[in-house]
Amino acid sequence: MANLLSYVLFLALRTFAAPPEYIQVWPGGSTSDPRDSGNDTVGPSLVPPPGTSKHAPHSIIIGVRKGGTRALLEMLDIHPGVAAAATEVHFFDWDDNYAKGFEWYQDQMPYSYPNQITVEKTPGYFTSPVAPARIHAMNSSIRLLLILRDPTERVISDYTQVYFNRLENHKPVQAIENMLVKNGALNTRYKAIQRSLYDVHMRNWLQHFPLEQIHIVDGDTLIHDPLPELQRVERFLDVPPRIMASNFYFNQTKGFYCIRSDGQERCLHESKGRPHPPVNSTVLRQLRLYLRQHNRNFYRLIGRTFNWQ
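Everything numeric here is computed off the predicted structure, so don't read it as measured data.

**Q** Help me out: how do you make sense of helix H6 (residues 151-168) in this one?
**A** In an α-helix, one full turn covers 3.6 residues, which means residues spaced three or four apart are oriented alike. Taking 1.5 Å of rise per residue, the 18 residues of H6 would be expected to cover 26 Å, and the 26 Å separating its terminal C-alpha atoms lies within 8% of that figure. In the core, the buried residues of H6 are packed alongside helix H7 (176-180), helix H8 (191-195), helix H9 (198-206) and helix H12 (281-302). Here H6 starts with a cap whose side-chain oxygen sits 2.9 Å from the backbone nitrogen of Thr152, and that cap is Asp150. The first or second residue beyond H6 is His170, which carries a positive phi of 55°.

Okay, structure coming up:
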């Protein structure tokens, strides 16, 4: 009899609980996501919320590195209809992970409710020669998000991240000019420059997906005025408009927008938005000149222009 009463009570609680798209109940009565405590995945001791399961992503943020992928994912995660993967999975661009198989990949996804879409982001996908074909083989109709910023600024940001990572790991560092110039000429083989050749990488993706399946987010605009860009993403993903201006506030100290959601405020990690080093003006002009034609090629590919120098 006691067991029957307990079961009836359990059903009643589920019936009158808040809708699943607004609350996730974890062991111990917490309504917070395990990621908030620093865990990237749900551990085996945690029981997922009733009615949830793991699915292959409905959409993937494919890049670009240092283009604002983390900001885009964090801002999308405000939406109650979006379940965002906590970590970069690197399934389609790393052979070792791809060899683990599709079931392994799906297991890296977050638990989600039936009325949610799952989104993962791995910025390395955009520049990977193999990722487009692999993603197409999984789901040829998947919706892809590509966030880009001024390619010259992206090169410098790419260098800045590597620079600080090497400092933190007590490794030797070089001035940016030493990376950008080799034997007196622009070092076009430098990986950071190669990643900013948007036209080259986009051609690879357009061999596998039509342009209408790739929504391009303006990363420079997202930093200065996030709401319009996110509203366009909501329409592309075909989810109800739920993200509002009140979800953002400008942090004067950090110099960029932070997120306000569910009564809490959070900003991106301190590694984001680091000041860029000054670059020799002659070298900077060489870099901009080299990228300019690639930018024009990219504009023709997508039928759209950006305010890149």
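**Q** Explanation requested: the side chain of Asn97 in the structure shown.
**A** As for its position among the elements, Asn97 is in helix H3 (residues 95-98). Owing to a relative accessible area of 10%, Asn97 belongs among the buried residues under this scheme.

**Q** Please explain the environment of His201 as it appears in this structure.
**A** Checked against the element boundaries, His201 lands in helix H9. On the basis of relative accessibility, which here comes to 12%, the residue His201 falls in the buried class. Residues His201 and Phe126, spaced 75 residues apart in sequence, show a C-alpha to C-alpha distance of 6.6 Å. Leave out the neighbours within four places in its chain, and His201 touches Phe126, Thr127, Gln194 and Arg195.

**Q** Whenever I open this one, the pairing of strand E5 (residues 117-121) confuses me. Can you help?
**A** Of all five residues that make up E5, five are buried, and the element is covered over most of its length. The sheet contact formed by strand E2 (residues 59-63) and E5 spans three bridges and is parallel. From the neighbouring strand, Ser59 faces E5, where its bridge partner is Val119. Across three bridges, strand E3 (residues 82-84) lies against E5 in parallel orientation.

**Q** Please clarify how the sheet that holds E3 should be interpreted in this entry.
**A** Working definition: the strands of a sheet are paired by backbone hydrogen bonds and lie parallel or antiparallel to each other. Strand order in the open sheet formed by five strands is E3-E5-E2-E6-E9, and the pairing between neighbours is parallel. Two strands bound the open sheet, and with one partner strand each, they are E3 and strand E9 (214-218). Each neighbouring strand pair of the sheet contributes to a mean axis angle of 25°, computed without reference to strand direction. Where E2 lies against strand E6 (residues 143-148), four bridges are found, and the strand directions are parallel. Paired with Ile60 across the two strands is Leu144, which belongs to E6.

**Q** Looking at this model, I keep getting lost on the environment of Asp150. Mind explaining?
**A** Looking at where Asp150 falls in the secondary structure, it is placed in the loop between E6 and H6. For Asp150, a relative accessible area of 5% puts it in the buried group. Separated by 46 residues in the primary sequence, Asp150 and Ser196 have C-alpha atoms spaced 8.7 Å apart. Not counting chain neighbours up to four residues away, the residues in contact with Asp150 comprise Tyr198, Asp220, Arg288, Trp308 and Gln309.

**Q** Can you walk me through the sheet that holds strand E11 (residues 256-261) in this structure?
**A** Taken together, three strands build an open sheet; the order of strands is E10-E11-E12 and the sheet is antiparallel. Where the open sheet ends on each side, the last strands, each with one partner, are strand E10 (248-251) and strand E12 (264-266). Each strand of the sheet is rotated relative to its neighbour by a mean of 35°, with strand direction disregarded. Bridging between E10 and E11 involves four bridges; their strand directions are antiparallel.

Conventions adopted
- In this numbering scheme, every chain counts its residues from 1 along its sequence in written order.
- Only residues with pLDDT of at least 70 get local features here, since the model is predicted, and only at 80 or more are side-chain atom pairs given and counted; chain-wide, interface and lining totals rely on the full set of residues.
- Where side-chain values are given, they derive from all heavy atoms of the structure, hydrogens and water being excluded.
- Numbering of helices and strands runs from the N terminus, with a helix taken as a DSSP run of H or I at least four residues long and a strand as a DSSP run of E at least two residues long.
- Helix span, expected: 1.5 Å multiplied by one less than the number of residues in the helix.
- Contact criterion: two residues are considered in contact whenever any of their non-hydrogen atoms come within 4.5 Å of each other.
- Any N or O atom pair separated by 3.5 Å or less is treated as a polar contact, with the protein-specific requirement of one donor-capable and one acceptor-capable atom, and with residues adjacent in sequence counted only for side-chain atom pairs.
- In this scheme, a residue with accessible area under 20% of its type's maximum is buried, one over 50% is exposed, and one in between is partly exposed, where area comes from a 1.4 Å probe on protein chains only.
- Two strands make a pair as long as DSSP finds a minimum of two bridges between them.
- Between N-to-C directions, angles cover 0 to 180 degrees, with each direction set by a line fitted to C-alpha atoms, over the stretch in contact for helices.

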